Amino acid sequence: MSSYNHKAIETKWRAYWEKTQAHTVKMDPAKPKFYCLDMFPYPSGSGLHVGHWRGYVLSDVWSRYKRLQGYNVLHPMGWDAFGLPAENDAIKKKIHPRVSTANNVANFKRQLHEIGAMYDWAREVNTTDPDYYKWTQWIFLEMYKHGLAYRKEMPINFCPSCQTGLANEEVVQGACERCGTQVEKRNLKQWMLKITKYADRLLDGLKTLDWPEKVVKMQESWIGRSEGADVVFAIDGSDHQITVFTTRPDTLFGATYMVLAPEHELVAKVTSSEQAAEVEEYVRQAMTKSAVERMANKEKTGVFTGAYGINPVNGQRIPIWVSDYVLIDYGSGAIMAVPAHDERDFEFAQKFDLPIIPVIAEPDGTIPELPFVINGKMINSGAFDGMDSEQAKKAITEHLQKKGQGKASVQYKMRDWVFSRQRYWGEPIPIVHCPECGEVPVPEDQLPVTLPDVENYQPTGTGESPLSAIGDWVNTTCPKCNGAAKRETNTMPQWAGSCWYFLRYADPDNNEALASPDKLKYWLPVDLYVGGIEHAVLHLLYSRFYIKFLYDIGVVDFDEPFIRLFNQGMVCKDGAKMSKSKGNVVNPDELVEHYGADSLRIYELFIGPPEVDSEWMDNGIEGVYRFIQRVWNLVVRSLNDLPEPTLASEKMRHRLIATVTERIESFKLNTVVSAFMEYINQVGSTLDRQSLETLVILLAPLAPHLTEELWQMLGHKPSVFDAQWPKADAEMLVADQVTVAVQVNGKTRATVDVAVDASETDVMSAAAEITSVKNALSGKEVIKTIYVPGKILNLVVR
RNA sequence: GCCGGGGUGGCGGAAUAGGUAGACGCUACGGACUUAAAAUCCGUUGGGUGUUUCGCCCGUGCGGGUUCGAUUCCCGCCUCCGGCACCA
């Protein structure tokens, strides 16, 4: 008997797929499409490990499954190749990022081929290709024209190790998301994208998506919409006024002081001369503290300015303080403090001995323990006393509005996107600075603005990009007036290229547009997007923003890019995430060599529920390898002496179809594998032709090489992927025998096998024969029986 | 602190419109084949216990509750992992 030779089989079929261009897809309006997308990788120098495989296998199983169901499946792959590691390598080893990137891409591609996925490599995209980033720049210019890209000098997060500014989304607990270094605040003139303009639409769109709830929640809380009111406070003896944002206008009568953020422009203007020295010192210290230091020290600090605000509802004079617990970049950078009903204000008031006046009571009127931060009944609030505080929010806001001292207001936690990086290896921002004309966008016909070669990639660290040192490149002429001008030297963040790459796959070679409208219309949006959770609020939020903008300017006809999202879990080793630095990386190359790609594919699925982190076990793949050999041997053995199908084999066959289909649909891919194993364990030594063929088709998404070979051995022309996914016959799924559990007082004593339509009496008489049941019943009286046909018979005794 | 998700054998994990807990795989042990080993195949494998072809007790993080019956539902804890974190 010929034995299973994974190497020969996998080599043969990979060559066959390549020769026949089996995975090249074309737009075909007559066929339904399915767009199955992997988050494209950054081609790092360390290559793929088995954790990367997991998502790629998952999406390939789905792609092949959909293909077998008759869909025209787009399953592309490409490279998110701008980024810091290549640039850091360039600095360290003096290798041009273009060269190292090309090397890494070649290695990644080789490794991805090993998976045996049905990628259409004719559609490969690379964000660092000028033909690609031309369109990344084009989108930026469209945003610029529509007022969404602007330049502003402001304090931003700056990573001293990466030597570049960062977006808020790239700062995790005060540290750089990439390298873990504590970030600093730096005042830099930055390009910003007005993502906040889309805050509400980004929030509303989430409701329409088939995404993991966790990601939806994360985006919601990142956007952080709060409804409340702006309240205007006059300043005693001054023309200035302070606007504050509050979500609790109902507590306005309880405001006993106000706080300005140290950076607030009114601090210098309102501070009294007696307090000036103290305030200046406090502000100076606050500014030098890093964001982390400010966060780490939760102990409240602050200084009185000597000024007083006037409460618009009751004319009360309340002191104005400066404290760093108020953030400059949220709301107006100033608050009214209601210590009775806010934990932070309460703490501050206690420390500095400021008055605490309750204005919300329990619904029954009793004064609760303070701070009392939930809704209740209004007290100490003049005309609003007795009102429910929820209603009072509205009533007080309306009252302020009439007086012209306030209005309803909505605030978001999300800030505009800091979009420039002071680094070399990124898309140049296509803007020219002209002394006469100011900022001038590079005309579309001059795109792309390509990256020049440089001698030295070292970031300057001064907030200027290494590009600024390339005179030939920086010095240019103004597209408007033809006078001498300079190019913008900041580059775009790595996210820029990944915001829209999935559009380019639809039409990767288009020179006229980022993709043609009819191809976009056919292929997009993405039906299934597979990738890690780490992009929950970065890439996935930025992409949604880009697509909403492209929708607004008529480039695409949908405004959510990814209909369904699936986050695969990490693969861990020794309880930790695989990483080169921990030295716990499992290399797939050796496993493919030893067991074959099909075994590794199936083990990646079998390792655990796909959405959950899983622990890699080195000998787990052995079991899968044995299973594959059993399938192989079963087919070979059966072909020697094909039996006829029986009713039993037909029932098993249909049961397998139903189980596998249902479990793929619900993403329970680990249990799909066990369904196959159970089937192989129970069918016996040979199987009839139809059962074998069904088995091969059902297994094809998981083990494409093996099943192509078996399909051919069964006398078919390749490819098995031209076959049709079988359908289960509902009648064949009905079992004729069932096992019923016999319980006494809810405790299972035995099981009986009976006909599926057995009556309670049938089961009872069968059960009465069994020793354990007899024991449990002896000397007892049966007072009640519960019979669930096909499931249980429960005898309640006394 | 707030929000979200988990705790099931030696291990990875099955099973939740409440109905046989531990499928499937790994490990381990025993057996067959073999000169021997590997591979393969066949058993056993949650813990305890007895009068051992059979039976009994315990068991899904802990403590309660609802129910004929709870891994599944409810209440209260413990614990682990993620996200956010002075956002007014």
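It should be noted that the structure appears before, not after, this text.
Residues numbered from 1 in each chain as written. Chains lettered and ligands numbered in written order. Predicted model: local features only at pLDDT ≥ 70, side-chain atom pairs only at ≥ 80, totals over all residues. Heavy atoms only, no water.

Participant: So, the protein's contact with RNA strand B: which residues are in play, and what are the values?
Facilitator: Within the structure, RNA strand B sits among 54 residues, and Thr 247, Lys 300, Arg 344, Arg 626 and Asn 794 are positioned closest to it. Of all RNA strand B atoms lying within 4 Å of any protein atom, the proportion belonging to sugar or phosphate reaches 65%. With respect to RNA strand B, the side chain of Arg 630 contributes an N or O atom lying 3.1 Å from a phosphate oxygen. In the environment of RNA strand B, a sugar or linking oxygen lies 2.9 Å from a nitrogen or oxygen atom belonging to the side chain of Glu 678. Considering each element in turn, the surface near RNA strand B owes the most residues, six residues, to helix α22 (residues 669–682). Considering only residue class, the surface near RNA strand B consists of 17 nonpolar, 21 polar and 16 charged. (Near = heavy atom within 4 Å. Polar contact = N/O pair within 3.5 Å; in protein donor to acceptor, adjacent residues only side chain to side chain. Helix = DSSP H or I, 4+ residues; strand = E, 2+ residues; numbered from the N terminus. Nonpolar A, V, L, I, M, F, W, Y, C, P; charged D, E, K, R; others polar.)

Participant: Can you explain the nonpolar core? Please cite residues and give values.
Facilitator: Among the nonpolar cores identified, the biggest contains 91 residues, and Phe 140, Trp 417, Tyr 501, Phe 502, Leu 503, Leu 524 and Tyr 546 are the most heavily contacted of them. Here this core takes nine residues from helix α5 (residues 130–145), the largest share from any one element. Residues in contact with Phe 140, not counting those within four places in the same chain, are Ala 149, Trp 191, Leu 193, Phe 419, Ile 429, Pro 430, Ile 431 and Met 492. Judged by nonpolar contacts, the second largest core, of 86 residues, contains Tyr 56, Val 631, Val 636 and Leu 695. (Core = buried A, V, L, I, M, F, W, Y, C linked by side-chain atoms within 4.5 Å. Buried < 20%, exposed > 50% of the residue type's maximum accessible area, 1.4 Å probe, protein only. Contact = heavy atoms within 4.5 Å.)

Participant: For the sheet that holds strand β31 (residues 782–788), give the residues involved together with the corresponding values.
Facilitator: Here four strands make up an open sheet; going across it, the order is β30-β29-β32-β31 and the pairing mixed. If you trace the sheet from one side to the other, it starts and ends with β30 (747–755) and β31, each paired once. Between one strand axis and the next, the sheet turns through 20° on average, direction left out of account. As defined by bridge partners, strand β29 (residues 737–744) adjoins strand β32 (residues 792–797) across four bridges and the pair is classed as parallel. If you follow Val 742 over to β32, its bridge partner there is Leu 793. (Pairing = 2+ DSSP bridges. Axes fitted to C-alpha atoms, helices over the stretch in contact; angles between N-to-C directions.)

Participant: Tell me about the pattern of salt bridges, residues and numbers included.
Facilitator: Tallying each qualifying case throughout the model produces 44 salt bridges. Here Glu 213 ties to Lys 217 by a salt bridge, and the two come within 3.4 Å at their closest N and O atoms. A residue pair is termed a helical-turn pair when its members lie 3 or 4 positions apart in one helix, as Glu 213 and Lys 217 do in helix α7 (residues 213–223) at four residues. With a closest N to O distance of 3.5 Å, Lys 300 and Glu 347 form a salt bridge. Here the residue Lys 300 occupies a position in the loop between α10 (291–296) and β13 (303–310), and Glu 347 occupies one in helix α11 (residues 343–352), the gap between them amounting to 47 residues. On the basis of relative accessibility, which here comes to 9%, the residue Lys 300 falls in the buried class. Note on Glu 347: relative accessible area 34%, which makes it partly exposed. Connected via shared salt-bridge partners are Arg 544, Lys 548, Asp 559 and Glu 560. (Salt bridge = Lys/Arg side-chain N within 4 Å of Asp/Glu carboxyl O.)

Participant: Can you explain the side chain of Lys 573? Please cite residues and give values.
Facilitator: In this fold, Lys 573 is placed in strand β26 (residues 571–573). Engagement of the side chain of Lys 573 in a polar contact is seen with the side chain of Asp 618, the distance being 3.3 Å. If sequence neighbours within four positions are ignored, Lys 573 has contacts with Met 578, Asn 584, Val 586, Glu 615, Trp 616 and Asp 618.

Participant: Let's hear about the packing of α5 against helix α17 (residues 539–552): which residues, and what values?
Facilitator: Two elements in contact, α5 and α17, have axes whose closest approach is 11 Å; the angle formed by their N-to-C orientations is 65°. If you check the angle between α5 and α17, you find them roughly perpendicular. In the crossing of α5 with α17, the sense of the turn from one axis to the other is left-handed. Along its contact with α5, which presents Ile 139, Glu 142 and Met 143, the element α17 presents Phe 545, Tyr 546, Phe 549 and Leu 550. When the residues that make up the contact of α5 with α17 are grouped by side-chain class, the tally is six nonpolar, no polar and one charged. (Parallel < 35°, antiparallel > 145°, perpendicular 65-115°, else oblique. Left-handed = near helix turned anticlockwise from the far one by under 90°.)

Participant: Summarise helix α12 (residues 389–403); cite the residues concerned and give the values.
Facilitator: The end-to-end C-alpha distance of α12, which contains 15 residues, comes to 21 Å, matching closely the 21 Å that a straight helix rising 1.5 Å per residue would cover. The complete set of buried residues in α12 reads Ser 389, Ala 392, Lys 393, Ala 395, Ile 396, Thr 397 and Leu 400. Turning to α12, the residues buried within the fold contact β10 (225–235), β16 (360–361), β17 (377–378) and β18 (406–412). At the N-terminal end of α12, a side-chain oxygen is found 3.0 Å from the backbone nitrogen of Glu 390, two or three residues along, and the residue is Asp 388. Of the residues trailing α12, Gly 404 is marked for its positive phi of about 70°. (Expected span 1.5 Å × (residues − 1).)

Participant: Explain the environment of Ser 765 to me, and be specific about the residues and the numbers.
Facilitator: Following the sequence through the fold, Ser 765 ends up in helix α25 (residues 760–768). There is a polar contact of 2.9 Å between the side chain of Ser 765 and the backbone oxygen of Asp 762.

Participant: Mind laying out the pairing of strand β24 (residues 526–531), listing which residues take part and the relevant values?
Facilitator: Judged by how many residues are buried, β24 sits mostly within the fold: six of six residues are covered. As judged from the three bridges shared by strand β1 (residues 33–38) and β24, these two strands associate in the parallel manner. Bridge pairing in β24 places Leu 37 opposite Tyr 529. With five bridges joining them, β24 and strand β25 (residues 562–567) adopt parallel strand pairing. Paired with Val 526 across the two strands is Phe 562, which belongs to β25. Handedness of the crossover joining β24 and β25 through α17 is recorded here as right-handed. (Right-handed = clockwise from strand over helix to strand, strands pointing away.)

Keep in mind these values describe shape, not function.
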